[in-house]
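Coordinates in review
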Amino acid sequence: MAEEERRDNEGKVEKGYLDTMIEALSYLVKDKMYGPLDVLATTPDPQLAYGVLYNAIRYLASQKYPVPTEEDLNAFFAMVRKRPEVLREVAIKAFVRGIMKRESEEKSGAKG
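Below: a short report on this structure. (Residues numbered from 1 in each chain as written. Predicted model: local features only at pLDDT ≥ 70, side-chain atom pairs only at ≥ 80, totals over all residues. Heavy atoms only, no water.)

1. Observations regarding the overall build of the chain
Helix and strand counts for the chain stand at 5 helices and 2 strands. In the chain, the order of α-helices and β-strands from amino to carboxyl end is β-β-α-α-α-α-α. Per-residue burial over the chain gives 38% buried out of 112 residues. Within the chain, counting contacts between residues at least 6 apart in sequence, those at least 24 apart form 64% of the total. (Helix = DSSP H or I, 4+ residues; strand = E, 2+ residues; numbered from the N terminus. Buried < 20%, exposed > 50% of the residue type's maximum accessible area, 1.4 Å probe, protein only. Contact = heavy atoms within 4.5 Å.)

2. As for helix α4 (residues 70-82)
With 13 residues, α4 extends 19 Å from end C-alpha to end C-alpha; this agrees with the ideal 18 Å at 1.5 Å per step. What α4 keeps buried is the set D72, L73, F76, M79 and V80. Viewed end-on, α4 has its buried residues packed into an arc of 125 degrees, placing them on one side of the element. Opposite the buried face of α4, at more than 90 degrees from it, the exposed residues are E70, E71, R81 and K82. (Expected span 1.5 Å × (residues − 1). Arc of directions from axis to C-beta.)

3. Things to note about the packing of helix α2 (residues 35-42) against helix α3 (residues 46-62)
Look at α2 against α3: their axes get within 10 Å of each other, and the N-to-C directions meet at 160 degrees. On the basis of their axis angle, the class for α2 and α3 is roughly antiparallel. The handedness of the crossing between α2 and α3 comes out as left-handed. In this structure, α2 uses P36, V39 and L40 to contact α3, whose residues at the interface are L48, A49, V52, L53 and A56. For the contact of α2 with α3, the residue count by class is 8 nonpolar, no polar and no charged. (Axes fitted to C-alpha atoms, helices over the stretch in contact; angles between N-to-C directions. Parallel < 35°, antiparallel > 145°, perpendicular 65-115°, else oblique. Left-handed = near helix turned anticlockwise from the far one by under 90°. Nonpolar A, V, L, I, M, F, W, Y, C, P; charged D, E, K, R; others polar.)

4. Notes on the environment of F76
Mapped onto the secondary structure, F76 falls in helix α4. F76 has contacts with Y17, L18, M21, L53, V86, L87 and V90, leaving out every residue within four places of it along the chain.

If you want it as structure tokens, here you go:
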């Protein structure tokens, strides 16, 4: 799942669109909302996945979590059209990252 790094005007490395998607979706797992990732990990149908992503992004926005930019989404959709299996890869990585977020939060005793 290679993607090029982007650099901002100061030459700092920016997160790529796949990492942005993984980061955003990881908040679902942190909140124990596994359904969207379950669908992304198992569906071979990109159209179904897009509907699930809409609902996931709507939830993230309602909870004031970071959401992907339109540019990141466009790049992600283009990748999914070429390689639908990327949906599963992103779901797995988001799941693992979300578990780590939740465990870190539980250790620190922080909520939200």
